[in-house]
Amino acid sequence: MIYTKATVEDIEQLTELRIAYLAEDYGGLKEKDVEMIRRDLPDYFMRNLNKSIFGYVARNDREIIACALLLVIEKPMSPAFITGRTGNVLNVYTKSEYRHNGHARKVMNMLVEDASDMGLSVLELKATEAGYQLYRSLGFRDTTSKYHQMTWSNET
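What counts, and where the lines are drawn
Residues numbered from 1 in each chain as written. Predicted model: local features only at pLDDT ≥ 70, side-chain atom pairs only at ≥ 80, totals over all residues. Heavy atoms only, no water. Phe/Tyr/Trp six-rings, centres within 6.5 Å; stacked < 30°, edge-to-face > 60°. Buried < 20%, exposed > 50% of the residue type's maximum accessible area, 1.4 Å probe, protein only. Lys NZ or Arg CZ within 6 Å of the ring centre and 35° of its normal. Helix = DSSP H or I, 4+ residues; strand = E, 2+ residues; numbered from the N terminus. Core = buried A, V, L, I, M, F, W, Y, C linked by side-chain atoms within 4.5 Å. Pairing = 2+ DSSP bridges. Axes fitted to C-alpha atoms, helices over the stretch in contact; angles between N-to-C directions. Contact = heavy atoms within 4.5 Å.

1. Quick look at the packing of aromatic side chains
- Summed over all chains, the structure comprises three aromatic pairs.
- Both rings, one in tyrosine 135 and one in phenylalanine 140, keep their centres 6.1 Å apart while their planes meet at 70°; by these two values the pair is edge-to-face.
- By relative accessible area, which is 9% here, tyrosine 135 ends up buried.
- Judged by its relative accessible area of 13%, phenylalanine 140 falls in the buried class.
- Stacked on the ring of phenylalanine 81, the Lys or Arg lysine 75 has its end atom at 4.8 Å from the ring centre.

Here it is in structure tokens:
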């Protein structure tokens, strides 16, 4: 198994892994959503990979079997993120036949090390029950806040 950063040559596989991750996370996807993601996500990766989004992958020969994405965001500085640079961890995913063999841990270790080297103040993620213990073991902690987490959506 080879563990490395994703490159533009990996965009097709990253796109398919994103679709697989989302299908599992949402309990399925609408075909029109899959078509849109398959059509538009490669362009997003082409424009942003290794600039504002970084992919960490485990390869079995040429096949990517596990991945994690790090979206780097720059914000106005605050005591909560003193450098103003934060990271959002996305799409930590291992193909089902390769799970429980430490691949997610290895790509996450690479991601965390890179985040530290980039001077990111904070890494944030939303953990599923399946991933919770892994993230805790890597130093992630539950957050509490006097603020309510809220979202707005343009979807009806």
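Moving on, there is more to tell.
2. Here's the deal with the environment of proline 79
- For proline 79, the location among the structural elements is in the loop between strand E3 (63-74) and strand E4 (85-94).
- In this structure proline 79 comes out as exposed when scored by relative accessible area, which is 82%.
- As for proline 79 and aspartate 117, which are separated by 38 residues in sequence, their C-alpha atoms are 20 Å apart.

3. Overview of the nonpolar core
- Residues Leu70, Val89, Val92, Met108, Leu111, Leu123 and Phe140 are the most contacted members of the largest nonpolar core, which totals 22 residues.
- In this structure, Tyr21, Val57, Ile64 and Cys67 belong to the second largest nonpolar core, which totals 15 residues.

4. Notes on the sheet that holds strand E1 (residues 2-5)
- Read across the open sheet, the five strands follow the order E1-E2-E3-E4-E5; overall the sheet is mixed. Of all the strands in the sheet, just E1 and strand E5 (122-124) have a single pairing partner and so form its edges. Neighbouring strand axes in the sheet, compared pairwise and without regard to direction, differ in orientation by 20° on average.
- Sheet analysis places E4 next to E5, joined by three bridges and oriented parallel. The residue bridging asparagine 88 from the neighbouring strand is glutamate 124, located in E5.
- Packed on one face of the sheet, helix H1 (residues 11-26) meets strand E2 (53-60), E3 and E4 and runs near 80° to E4.

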